[in-house]
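Given next are the chains, with one letter for each unit.
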Amino acid sequence: MKQVPYEYRNLPIPGGGYVTGFLYSEKERDVLYIRTDIGGTYRFDVKEQRWISLIPHVTMEDLSETFPIALAIDEEKPGSLYIACGVNRPGSGVLAISDDYGENFVYEKIPVMIHGNLNGRGTDERLFVKGNVIYYASQQEGLWRSEDRGHNWKKVDAMPEEYLTFVTEIEGMLLVGTAGVTTGTGMGSGEGDNAEAIVPMRGHSLYISYDNGFTFEEVQEPENHVVEGCRLNGLVAQRWCRDEKYLYVTFASTGRRSYVLENGYSCDSGDTIDGHVVRYPFIKTRSDEAKQVQAATAENGTREDDMTLDALWEWRLGSMEDITPGSASAVKGIGLENVKRGDILDYGFSGISVSRQTPGMLVASTIVKDDGDSIFLSRDYGESWKQILYDLSEGEISFRAPYMRPKCNGGHSLIHWLSDIKINPFDDREAWFNSGTGVFRTRNLKDKVCRFTDWCDGIEETVHLNIYSMPKGKVQVIDILGDLGGFAFEELDKPCGNSFADAEGNRYITCINADFSDVHPEWLVVTPRGNWTGKTFGGLILSKDQGKTFERLSMPFGLTEDLDEALHLIEHPNVNSGWVAMSPDGQNIVWAVAEGIELPVRRLIASHDGGKTFSCCTVYDKNDCLKTTGKVKVFSDRTDSSLFYGFGEHSDFYISHDGGSVYREYELPVEFPKVEFGLIDCANKTEVRGETGRQGIFYLAIGEGGIWKLEYCRETDKVSLTRLTAPGIVAYRMGLGLGSPDGDYYRDSKAIYFNGIVEGKYGFYRTSDQGETFERLNTDRQMFGEINSIDGDCRTFGRFYLATGSNGVKWGAVCGINR
């Protein structure tokens, strides 16, 4: 099989996803990593001022490294990097170990469930490494220890809590943060109608061991409060840092709006409350062994070496001191005038970091502060604070990525989920903070006015659901993705001015799919969710200028009670709209209204006037009986506006001849596998592509079953299916591109691009002869994690697009051909 040398680049967004934490080396200058929830780990290249992804080798066969939950460095081994990651299966955690800054890895197993995209992912590092000894603080299976660099593990039975948030070792003291779930009280509401309600309260959160984990003691922490409206009370230790005098720890409690309970302790669960920042002085005491040595030397009249005695000192934590900005320590800043000492704050604290150059200097950040998160700076160990960033009201923040600008976000800063902030240990003028949409940096932290800006160059951490190469027009690519909604790229190397938005610039979020007319590709219909602010609503949005502007179609209330309930729900923030198909003339629009990730037959509706009005569709099975159950995903014919095709949950197949109103089932060949098509992408592990310029032709990638070609002949009213790939060839996702360098996309045959397994090897492949021969288009360092959709370029032969779930949108071209 021919190997074609390809190079890959990103359609730049950049950023876009939740960066869950930073890790600086404390001993090696310019070594900085970030972990993300779904996009793996990155290393910052100081020379190029760009972030470098450490997961280009990760394939769909094992996505563990795309979901890191914790990072660690062995400070005695320059170049070392440890990553705890996994895919949310019992006992299948992975420890990725590198000795060359993440260029290459070896792997060990951690015998617990791990996943970097679960609630609580915003807390501090759950890994600690020192030589061959590794501690791992699991998400809900207790504390684990390895003494042979991760090859074997043993649970630390002395730790009383199973749900943990971090672990570290400080001067021989083992510190563990917990969520207080298994040690909590009143997690139910009592039994019986007359039972007294029990207020749920978390157990103790912060523990310390002075004997390498044989025993643990509770560390003093702020008082837990019962907060009206909160379904679960009690503080959770979020993050820690230290200087020469103090250990600092941040705390937060589950908020009133939290949509999860046990794991609802970080910024990613809805909200937090009752935040605290506290400090503990370090106390140096003589150990029993030191006392014995001193007594013996005194009795013998000799003097023991000072270094020997120093090694025998022990460290302890002193009493807790609350230094929370406003409620315990003095604070200056806009919006804080009414905060009084002793107040229960309506937000939590998470990020905390100290300067190594300026004694007493530290920063702290809030999480889920309703009117915008804040960053505070102290120059006196937390005795007093100054607010240096607060929404757009205090401090300075600028946005380099176009979609981040306030005019695209309802006039506000889009900063949210600010759960970590780190001061450069070698230059305390520089600090970084995270967010739910990338990372931000300042280089003048110590100035009177601190200026932050996004610095996501190289970070492409968005979940892309569908990708469409446009056959004509200024727009080259329509990108459909989670959170940010959609982009219409006119140039492959420049970010778009904004994602899909209304006339005021308010963004829609998480579009599921789009459809467009091959005849009039400026017409585009999309299924978005409404954004979190409530300024846009889900449903259908229609563009007649290739995604520059959109009109939201009126919701078709009044058809059925079930549909009315679904449509009202879609008008809530962040609810799936469903799946849409549009005819070539733009007049017929069929909408499969979603029920979660499913596309129920009973919710299929059609419009024959460009979306002005809708009516319910009818679907009949092979026995001509009306179907009211089951699922169906609908596609339009690419040339005939009267034809629509429905793909069901068990390879049942339907055709409409009247513009999408009435569907009848057609028998498919018995050799075609049973496939689930009736889910939204990317819950549906298939890809269906209609062929431009051809009536009734579709290509189907169905995983283990390979690639099939479906043909419907209207004259004979017959459906045929041909398997294009031999048994053993696997095809997960698939798209069609220009068939030859001088070809015509509308008239000529297409090249098929897909990811899958050919001759036992996973990769990206192209066939230009309907599956007779294949060319491999990547190397083992060009895998890019999860692939949710593929499309070939309609205008440039050899170029194709990968909508990844971990690494943004990649486009590939033959090496040396970049345009």
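For the structure, see preceding data.
Not measured: the values here are computed from a predicted model.

Caption draft 1: Quick peek at the sheet that holds strand β10 (residues 106–110). Read from one edge to the other, the open sheet built from 4 strands follows the order β7-β8-β9-β10, with strand pairing classed as antiparallel. The sheet terminates laterally at β7 (68–72) and β10, the two strands that pair on one side only. Across the sheet, the axes of successive neighbouring strands diverge by a mean angle of 20°, strand direction being ignored. Strand direction decides the pairing type here: strand β8 (residues 81–85) and strand β9 (residues 93–98), joined by 5 bridges, are antiparallel. Residue tyrosine 82 lies in a different strand from β9, and its bridge partner there is isoleucine 97.

Caption draft 2: Expanded view of the environment of histidine 115. With respect to the helices, strands and loops of the structure, histidine 115 is situated in the loop between β10 and β11 (127–130). The class for histidine 115 is buried, based on a relative accessible area of 10%. Each C-alpha atom, one on histidine 115 and one on aspartate 518, is 41 Å from the other, the two residues being 403 residues apart in sequence. Not counting the four nearest positions on each side in its chain, histidine 115 is found in contact with Phe67, Ile69, Gly86, Val87, Asn88 and Gln139. Side-chain polar atoms of histidine 115 contact the backbone nitrogen of asparagine 117, separated by 2.9 Å.

Caption draft 3: Region of interest: the pattern of salt bridges. As enumerated under the stated definition, the model contains 49 salt bridges in all. Where aspartate 371 meets lysine 369, a salt bridge forms, and the shortest distance between an N and an O atom there is 3.6 Å. The class for aspartate 371 is partly exposed, based on a relative accessible area of 42%. Lysine 369 gets classed as buried once you look at its relative accessible area, which sits at 8%. Residue arginine 664 pairs with aspartate 624 through a salt bridge whose shortest N-O separation is 2.4 Å. Of this pair, arginine 664 sits in strand β49 (residues 662–666) while aspartate 624 sits in the loop between β45 (618–620) and β46 (632–636); the two residues are 40 residues apart in sequence, bridging distant segments of the chain. One network of salt bridges, with partners in common, ties together Asp124, Arg239, Asp420 and Lys422.

Caption draft 4: Fine view of the nonpolar core. Ranked by size, the top nonpolar core spans 50 residues in total, and within it Trp51, Trp432, Phe433 and Leu445 carry the most contacts. Not counting chain neighbours up to four residues away, the residues in contact with tryptophan 432 comprise Phe22, Tyr24, Leu32, Phe44, Trp51, Asp420, Ile421, Lys422, Val439, Phe440, Arg441 and Trp455. Counting residues in each nonpolar core, the second largest holds 40 residues, with Leu599, Phe672, Val719 and Leu721 among its members.

Caption draft 5: View of the packing of aromatic side chains. Inspection of the entire model under this criterion finds 42 aromatic pairs. Here the aromatic residues Trp579, Phe635, Tyr645, Phe647, Phe653, Tyr666, Phe677, Phe698 and Tyr712 are joined through ring pairs into a cluster of three or more. A cation over a ring is seen here: arginine 638 above phenylalanine 516, with NZ or CZ 5.3 Å from the ring centre. Over the face of the ring belonging to tyrosine 745 we find lysine 750, whose NZ or CZ atom lies 5.1 Å from the ring centre.

Caption draft 6: Up close: unusual backbone geometry. You will see that tyrosine 101, though not glycine, has its phi angle at about 65°, which is positive. Positionally, tyrosine 101 belongs in the loop between β9 and β10. You will see that serine 651, though not glycine, has its phi angle at about 60°, which is positive. With respect to the helices, strands and loops of the structure, serine 651 is situated in the loop between β47 (644–648) and β48 (653–656).

Caption draft 7: Summary view of the state of the cysteines. The final tally for this structure, using the stated rule, is 0 disulfides. We note that cysteine 241 lacks a disulfide partner, and the nearest cysteine sulfur, in cysteine 450, lies 17 Å from it.

Caption draft 8: Fine view of the pairing of strand β59 (residues 800–804). The element β59 is extensively covered by neighbouring structure, given that 5 of its 5 residues are classed as buried. In β59, alternate side chains face the same way, and those of Phe800, Leu802 and Thr804 on one face and Tyr801 and Ala803 on the other are all buried. Pairing of strand β58 (residues 787–792) with β59 involves 5 bridges; the strand directions are antiparallel. Pairing of serine 789 across the sheet is with alanine 803, part of β59. Relative to strand β60 (residues 809–814), β59 runs antiparallel, the two being bridged by 4 bridges. From the neighbouring strand, phenylalanine 800 faces β60, where its bridge partner is glycine 812. Joining the antiparallel neighbours β59 and β60 is a turn of 4 residues, in which glycine 808 adopts a positive phi near 75°.

Thresholds applied
Residues numbered from 1 in each chain as written. Predicted model: local features only at pLDDT ≥ 70, side-chain atom pairs only at ≥ 80, totals over all residues. Heavy atoms only, no water. Pairing = 2+ DSSP bridges. Helix = DSSP H or I, 4+ residues; strand = E, 2+ residues; numbered from the N terminus. Axes fitted to C-alpha atoms, helices over the stretch in contact; angles between N-to-C directions. Buried < 20%, exposed > 50% of the residue type's maximum accessible area, 1.4 Å probe, protein only. Contact = heavy atoms within 4.5 Å. Polar contact = N/O pair within 3.5 Å; in protein donor to acceptor, adjacent residues only side chain to side chain. Salt bridge = Lys/Arg side-chain N within 4 Å of Asp/Glu carboxyl O. Core = buried A, V, L, I, M, F, W, Y, C linked by side-chain atoms within 4.5 Å. Phe/Tyr/Trp six-rings, centres within 6.5 Å; stacked < 30°, edge-to-face > 60°. Lys NZ or Arg CZ within 6 Å of the ring centre and 35° of its normal. Disulfide = S-S within 2.5 Å.

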